[in-house]
Amino acid sequence: MTFTGIEFAAITKMVFAIVNADDKIDNKEIRYIATEMARFGITESSTILKMAEEMETSKAVGTIAALDDERKRYVSAYLGTTMIIDGEIDEKELALWRLITSLCSLPQMTVKEAIEYIKGR
């Protein structure tokens, strides 16, 4: 599975929205995001981060919504596991995950399913 730079920037935009939803950024969340970027061979994370920061939310939603089902499943699982990587499930993060899932037509999954999907990759 691969993503273009624009696609990964859109995903990163949503991941950081999840991370910021509870008004605190945990080092575990940052390390997890870096790990996922590395998994996809992204060596210049600053480029993706800058693209994500500058991207309009509506463009990120449209970009993710246009992905195929397999990549949408990954995005849903990535968002879900990012949400709980700090050991807590904040209600704001959970609500945002559900909203992003709906807006981007991502497959709905439980946190357990998200974890199992990411572990199985």
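Remember, it's a predicted structure, so these values are computed and weren't measured experimentally.

> Explain the pattern of salt bridges here, please?
Oppositely charged side chains are able to pair whenever their charged atoms sit close together. Taken as a whole and judged by the stated rule, the model has six salt bridges. Close ionic contact of K92 with D23 constitutes a salt bridge, the shortest N to O distance being 3.7 Å. Taken as a pair, K92 in helix α6 (residues 91–103) and D23 in the loop between α1 (5–20) and α2 (27–39) lie far apart in primary sequence, 69 residues in all. One network of salt bridges, in which partners are shared, links E7, D68 and R71.

> Looking at this structure, I do not really get the packing of α1 against helix α5 (residues 69–84). What am I missing?
Each pair of packed helices gets described by two things: the angle between the helix axes and the distance between those axes. With their axes 9 Å apart at the nearest point, α1 and α5 run at an angle of 30° to one another. One finds that α1 runs roughly parallel with respect to α5. Where α1 crosses over α5, the two elements pack in a sense that is right-handed. For the pair α1 and α5, contact is made by E7, I11, M14, V15, I18 and V19 and by R71, V75, Y78, L79, T82 and M83, respectively.

> Where do I start with the side chain of K72 in this structure?
Relative to the elements of secondary structure, K72 occurs in helix α5. In this structure, K72 is buried with no salt-bridge partner, the nearest side chain bearing the opposite charge being D69 at 5.0 Å. Setting aside chain neighbours within four positions, we find K72 in contact with I64, A65, L67, C104, S105, L106 and P107.

Cut-offs used in this document
- Residues numbered from 1 in each chain as written.
- Predicted model: local features only at pLDDT ≥ 70, side-chain atom pairs only at ≥ 80, totals over all residues.
- Heavy atoms only, no water.
- Salt bridge = Lys/Arg side-chain N within 4 Å of Asp/Glu carboxyl O.
- Helix = DSSP H or I, 4+ residues; strand = E, 2+ residues; numbered from the N terminus.
- Axes fitted to C-alpha atoms, helices over the stretch in contact; angles between N-to-C directions.
- Parallel < 35°, antiparallel > 145°, perpendicular 65-115°, else oblique.
- Left-handed = near helix turned anticlockwise from the far one by under 90°.
- Contact = heavy atoms within 4.5 Å.
- Buried < 20%, exposed > 50% of the residue type's maximum accessible area, 1.4 Å probe, protein only.
- Lys, Arg positive; Asp, Glu negative; His and termini not counted.

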